[in-house]
Amino acid sequence: MSVDRILLTNDDGIDTVGFRALYDALEPAYDVVAVAPAADQSAVGRSISQDVVVHDHELGYAVEGTPADCVVAGLGELVHDADAVVSGCNKGANLGEYVLGRSGTVSAAVEAAFFDVPAIATSMYVPGGDDWWELEPDPEHFAHAARVTRYLVDNAVDAGVFDHADYLNVNAPMADGESGPPPTEHATIAVTEPSTLYEMDAEWDAETGDITLHDRIWDRMRTGDVPDPEGTDRRAIVEGRVSVSPLSVPHASEHHEALDGLATAYGSENDPEPIADAGSGAGGD
């Protein structure tokens, strides 16, 4: 299978710098059709809509919906003959197992996989303090992300990569010469697995009644104090390499004796004692 036509989407919005960086990298060699959110849809996961409004855009189509909406509308109607889906480039990395399900960028690739269409989700790691999200990136910042995405689109299908993976989750360093090599140099690719480290927590402000959610791993990444072992996506990106994780869509399912035993006993004389009537006990009639 060769790649001729690409559906390009993202979750930051169709008019963002990162989106245009990928479009400009792919368009010289491929028929690229944008089907991307009209506005920012970050962290919406695989949220889906029943109806979406679609507008013509100079790059293709702007959709008033989520990344998953864009892929379904695109592959189902607007670009049904697409050979591949590329999602990105996201401003901000998408690293770790726990992030995959909440990322709109990654979710677009997951949605494509259910259509049996090869997909690549690409994100750019932005180092810095708590205000990293305020960065107004230059196109040059996406040089590593755009270059490696083009390389993978050019070669991964013919190499048989998608015979073993449903989609690739790519995270590239920002091409600022500090968090990674400068734009004119190639960043090394590391084939990785998503980190399993989870450091989300919550802090309650008794005065306001608000609960603030924190992902503590970002603080550790800024200081280089990353406990993730070699071979993980987060370790690679902190060391200035491009992380490429080959991933599959189906959720793992494993039969085991404990659940098999409960299923067998259900409705039999071995069935555990029934739960008490919810209306009985203290406070009941």
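Reading the values: rules and limits
- Residues numbered from 1 in each chain as written.
- Predicted model: local features only at pLDDT ≥ 70, side-chain atom pairs only at ≥ 80, totals over all residues.
- Heavy atoms only, no water.
- UniProt positions renumbered as here; feature names shortened; annotations may be inferred.
- Helix = DSSP H or I, 4+ residues; strand = E, 2+ residues; numbered from the N terminus.
- Contact = heavy atoms within 4.5 Å.
- Patch = residues over 30% accessible without salt bridge, like charges linked within 9 Å, V, L, I, M, F, W, Y side chains within 5 Å.
- Areas by Shrake-Rupley, 256 points an atom, 1.4 Å probe, with all protein chains shown as cover.
- Salt bridge = Lys/Arg side-chain N within 4 Å of Asp/Glu carboxyl O.
- Lys, Arg positive; Asp, Glu negative; His and termini not counted.
- Charge placed at Lys NZ, Arg CZ, Asp CG, Glu CD.
- Buried < 20%, exposed > 50% of the residue type's maximum accessible area, 1.4 Å probe, protein only.
- Core = buried A, V, L, I, M, F, W, Y, C linked by side-chain atoms within 4.5 Å.
- Polar contact = N/O pair within 3.5 Å; in protein donor to acceptor, adjacent residues only side chain to side chain.
- Axes fitted to C-alpha atoms, helices over the stretch in contact; angles between N-to-C directions.
- Parallel < 35°, antiparallel > 145°, perpendicular 65-115°, else oblique.
- Left-handed = near helix turned anticlockwise from the far one by under 90°.
- Pairing = 2+ DSSP bridges.

Per an unreviewed UniProt entry, the chain carries the name 5'-nucleotidase SurE and comes from Halopenitus persicus. Recorded in UniProt for the chain, the comment headed Subcellular location (unreviewed entry) runs: "Cytoplasm". Quoted straight from UniProt, the Sequence similarities (unreviewed entry) entry for the chain says "Belongs to the SurE nucleotidase family."

Caption draft 1: Just the environment of isoleucine 14, in detail. Turning to its location among the elements, isoleucine 14 is positioned in the loop between strand S1 (5–9) and helix H1 (17–26). Expressed as a C-alpha distance, the spacing of isoleucine 14 and valine 242, which sit 228 residues apart in the sequence, is 24 Å. In contact with isoleucine 14, other than residues within four places in its own chain, are Phe19, Ala34, Ala36, Pro37, Ala38, His57, Tyr61 and Ala62.

Caption draft 2: Here's a closer look at a negative patch on the surface. Side chains of Glu203, Asp205, Glu207 and Asp210 sit close together on the surface and give a patch of like negative charge. Among the secondary structure elements, glutamate 203 is positioned in strand S9 (residues 200–204). Residue glutamate 203 is classed as partly exposed on the basis of its relative accessible area of 46%.

Caption draft 3: The nonpolar core, seen in detail. Ile6, Leu8, Leu26, Val153, Leu168 and Val170 are the most contacted members of the largest nonpolar core, which totals 39 residues. At the level of secondary structure, the elements contributing two or more residues to this core comprise S1, H1, strand S2 (31–37), strand S5 (84–91), strand S6 (119–125), helix H5 (143–155), strand S7 (167–173) and strand S11 (242–247). In terms of residues, this core owes the most to one element, H1, which gives 6 residues. In terms of nonpolar packing, the next biggest core, distinct from the first, is built from 23 residues, Val63, Val71, Val85 and Tyr167 among them.

Caption draft 4: The arrangement of the UniProt feature "binding site: a divalent metal cation" (unreviewed entry) in the chain in detail. Those places that UniProt annotates as "binding site: a divalent metal cation" (unreviewed entry) correspond, in this numbering, to Asp11, Asp12, Ser42 and Asn90. Sequence-wise these annotated residues cover 80 residues; spatially they are packed, their C-alpha atoms never more than 8.9 Å apart. Turning to its location among the elements, aspartate 12 is positioned in the loop between S1 and H1. Judged by relative accessible area, aspartate 12 falls into the buried class, the value being 17%. When sequence neighbours within four positions are dropped, the list of residues in contact with aspartate 12 reads Ala39, Asp40, Ser42, Cys89, Asn90 and Lys91. A polar atom in the side chain of aspartate 12 sits 3.1 Å from the side chain of serine 42. Assessed through its relative accessible area of 35%, serine 42 is described here as partly exposed.

Caption draft 5: Quick look at the packing of H1 against H5. The geometry of H1 relative to H5 is characterised by a closest axis approach of 9 Å and an angle of 45 degrees between their N-to-C directions. Regarding the angle of H1 to H5, the classification is oblique. Judged by the sense of rotation from one axis to the other, the crossing of H1 with H5 is right-handed. Where H1 abuts H5, its residues Ala21, Leu22, Ala25 and Leu26 lie against Ala145, Ala146, Thr149, Arg150 and Val153.

Caption draft 6: Region of interest: the sheet that holds S7. Taken in spatial order, the 9 strands line up as S3-S4-S2-S1-S5-S6-S7-S11-S8 in an open sheet, and their pairing is mixed. Either end of the sheet is taken by a strand with one partner, and the two such strands are strand S3 (53–57) and strand S8 (189–191). Neighbour-to-neighbour, the strand axes of the sheet open up by a mean angle of 20 degrees, direction not taken into account. Here S5 runs beside S6; their pairing, made up of 5 bridges, is parallel. When the sheet's bridge partners are listed, valine 86 is paired in S6 with isoleucine 120. Those strands touched by helix H2 (residues 67–78) are S1, S2, S3, strand S4 (60–64) and S5, and its axis lies near 140 degrees from that of S2. Against the sheet, H5 engages S1, S5, S6, S7, S8 and S11, with an angle of about 150 degrees to S7.

Caption draft 7: Focus on the side chain of threonine 232. Among the structural elements, threonine 232 can be located in the loop between helix H6 (217–223) and helix H7 (233–238). A distance of 2.7 Å separates a polar atom in the side chain of threonine 232 from the backbone oxygen of proline 229. With residues near it in sequence (within four places) discarded, threonine 232 still touches Thr192, Glu193 and Ser195.

Caption draft 8: Layout of the side chain of threonine 122. The residue threonine 122 is located in strand S6 in this model. Classification of threonine 122 by relative accessible area gives buried; the value is 0%. Within the structure, the side chain of threonine 122 is placed 2.9 Å from the side chain of threonine 149, a separation counted as a polar contact. Those residues within four positions of threonine 122 in sequence are excluded, and the remaining contacts are Leu22, Ser87, Gly88, Cys89, Asn90, Thr105, Ala145, Thr149 and Val170.

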